[in-house]
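# Notes for the structure review
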Amino acid sequence: METARSGKLAETVYAALIRQIEAGEYAANARLPGEHELSKIFDVSRPVVREALGMLRDDGRIYSRQGAGSFVVGAQDDLGLAFRPAENIADIQRSYEFRETIETKAAELAALRRNDASLEQMDALLRRLQKATAGGTHREDIDFELHLTIAKASNNQYFPTVLLALREQIAAGMKLHGLALLSPTGRLEQTTDEHGAIVEAIRNRDPRRASDLMRQHLNNSRDRLFGGSLLDLRL
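Residues numbered from 1 in each chain as written. Predicted model: local features only at pLDDT ≥ 70, side-chain atom pairs only at ≥ 80, totals over all residues. Heavy atoms only, no water.

### Let's talk about the overall build of the protein chain
Helix and strand counts for the protein chain come out as eleven helices and two strands. Rg of the C-alpha trace for the protein chain: 18 Å, near the compact-globule value of 18 Å for 235 residues, within the 12% margin. Viewed in the frame of its principal axes, the protein chain has a C-alpha envelope of about 60 × 40 × 30 Å. For the protein chain, the share of sequence-separated contacts (at least 6 apart) that also reach a separation of at least 24 residues comes to 72%. Carbon and sulfur atoms make up 50% of the accessible area of the protein chain, which amounts to about 12,300 Å² in all. Between the averaged position of the 32 positive side-chain charges in the protein chain and that of its 34 negative side-chain charges there is a distance of 3 Å. (Helix = DSSP H or I, 4+ residues; strand = E, 2+ residues; numbered from the N terminus. Rg over C-alpha atoms; globule rule 2.2 N^0.38 Å. Contact = heavy atoms within 4.5 Å. Areas by Shrake-Rupley, 256 points an atom, 1.4 Å probe, with all protein chains shown as cover. Lys, Arg positive; Asp, Glu negative; His and termini not counted. Charge placed at Lys NZ, Arg CZ, Asp CG, Glu CD.)

What follows is the structure, encoded as structure tokens:
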């Protein structure tokens, strides 16, 4: 009963903070009050506040900087960064190329800089991904949130900013990748295991392995989507 009550209180705090953010009470990149202050504002315990903040991070509404607190994520226009939509399969291939350069470094830094809170977030998302896999479904939304959480764990706001700006383009690739995974020759369990291996390398503070596994995962995902035969993108 206590756990259920705590969860409902966290949802209440989460909803209230969403309303405040959408009303402009906290602008893009503004720092939210700390856990102690929020617990006083909402008259709840700090674990409840921590859970609500975790929900906001999972939704991409806030990001955390180690030792600095939680900050509001703005819309793409607020971030001053936007990419044109993926118009064809060649753009999806280009997206994978670009992600490899960004996300391998983010995974490396995450292994060096992650804290317990970011690791708990990764574990929670990984469990949700494993549950979906066990049910024979691919959840590209959870997939993206896990990649975003790894980028945030780098404690370098430029990595999650780029991923959020690329969210629609990445989603297009992940959706097609998910369809490939659900085909008779698909490898749904393999891609989930790849995510687990990346998280484990980050847990073990092994930056080289985290980077290598992220590169391998992105290349494997691309190859599963393209059937191992890439487009010729020469000018």
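The rest of the description comes next.
### A look at the nonpolar core
Judged by nonpolar contacts, the single largest core of 20 residues is most densely connected at Met122, Leu146, Ile150 and Ile202. When residues of this core are traced back to their parent elements, those giving at least two are helix H5 (89-113), helix H6 (116-134), helix H7 (140-152), helix H10 (188-203) and helix H11 (207-226). Ranked by the residues each element gives to this core, the list is headed by H6, at five residues. Leave out the neighbours within four places in its chain, and Ile202 touches Ala107, Ala110, Ala111, Arg114, Met122, Ile150 and Ala210. (Core = buried A, V, L, I, M, F, W, Y, C linked by side-chain atoms within 4.5 Å. Buried < 20%, exposed > 50% of the residue type's maximum accessible area, 1.4 Å probe, protein only.)

### So, the pairing of strand S1 (residues 62-65)
Sheet topology note: the S1/strand S2 (residues 69-72) ladder contains four bridges and is antiparallel. Counted as the bridge partner of Tyr63 is Phe71 from S2. Counted along the chain from S1 to the antiparallel partner S2, the turn is three residues long, and its residue Gly67 has a positive phi close to 80°. (Pairing = 2+ DSSP bridges.)

### Focus on the side chain of His177
Mapped onto the fold, His177 is located in helix H9 (residues 167-181). Apart from residues no more than four positions distant in its own chain, His177 is found in contact with Tyr96, Thr191, Ser221, Arg224 and Leu225.

### Some points on the environment of Glu22
If you trace the backbone, Glu22 turns up in helix H1 (residues 2-22). With a relative accessible area of 55%, Glu22 lands in the exposed category. Expressed as a C-alpha distance, the spacing of Glu22 and Gln157, which sit 135 residues apart in the sequence, is 21 Å.

### Description of the packing of aromatic side chains
The description of an aromatic ring pair rests on the distance of the ring centres and on the angle between the ring planes. One pass over the full model with this rule turns up one aromatic pair. Ring geometry for Tyr63 and Phe71: centres 5.7 Å apart, planes at 20°, overall stacked. Each member of the pair Tyr63 and Phe71 is classed as buried. (Phe/Tyr/Trp six-rings, centres within 6.5 Å; stacked < 30°, edge-to-face > 60°.)

### With respect to H5
Spanning 25 residues, H5 covers 35 Å between terminal C-alpha atoms, matching the ideal 36 Å at 1.5 Å per step. Roughly 30° is the biggest bend found in H5, and it falls at Glu100. Sitting at the head of H5, Asn88 places a side-chain oxygen 3.1 Å from the backbone nitrogen of Ala90. (Expected span 1.5 Å × (residues − 1). Bend = angle between axes of the 7 residues up to and from the residue. Polar contact = N/O pair within 3.5 Å; in protein donor to acceptor, adjacent residues only side chain to side chain.)

### Points about the pattern of salt bridges
Evaluated as defined, the whole model comprises 16 salt bridges. Across the salt bridge formed by Arg167 and Glu145, the nearest N and O atoms sit 2.5 Å from each other. Within this pair, whereas Arg167 is found in helix H9, its partner Glu145 is found in helix H7, the two being separated by 22 residues in sequence. Residue classification places Glu145 among the buried residues on the basis of a relative accessible area of 7%. Put simply, Arg234 and Asp232 hold a salt bridge, and the shortest N to O gap is 2.7 Å. (Salt bridge = Lys/Arg side-chain N within 4 Å of Asp/Glu carboxyl O.)

### Some thoughts on the environment of Glu194
If you trace the backbone, Glu194 turns up in helix H10. Separated by 159 residues in sequence, Glu194 and Glu35 have C-alpha atoms that sit 34 Å apart. Not counting residues within four places of it along the chain, the set of residues in contact with Glu194 comprises His217, Asn220 and Arg224.

### Regarding the packing of H6 against H10
At a minimum axis separation of 10 Å, H6 and H10 run at an interaxial angle of 165°. The angle between H6 and H10 places the two elements in the roughly antiparallel class. Seen along the crossing, H6 lies across H10 with a hand that is left-handed. Note on element contacts: H10 touches H6 through Leu188, Glu189, Thr192, His195, Gly196, Val199, Ile202 and Arg203, opposite Leu119, Met122, Asp123, Leu126, Leu129, Gln130 and Thr133. (Axes fitted to C-alpha atoms, helices over the stretch in contact; angles between N-to-C directions. Parallel < 35°, antiparallel > 145°, perpendicular 65-115°, else oblique. Left-handed = near helix turned anticlockwise from the far one by under 90°.)

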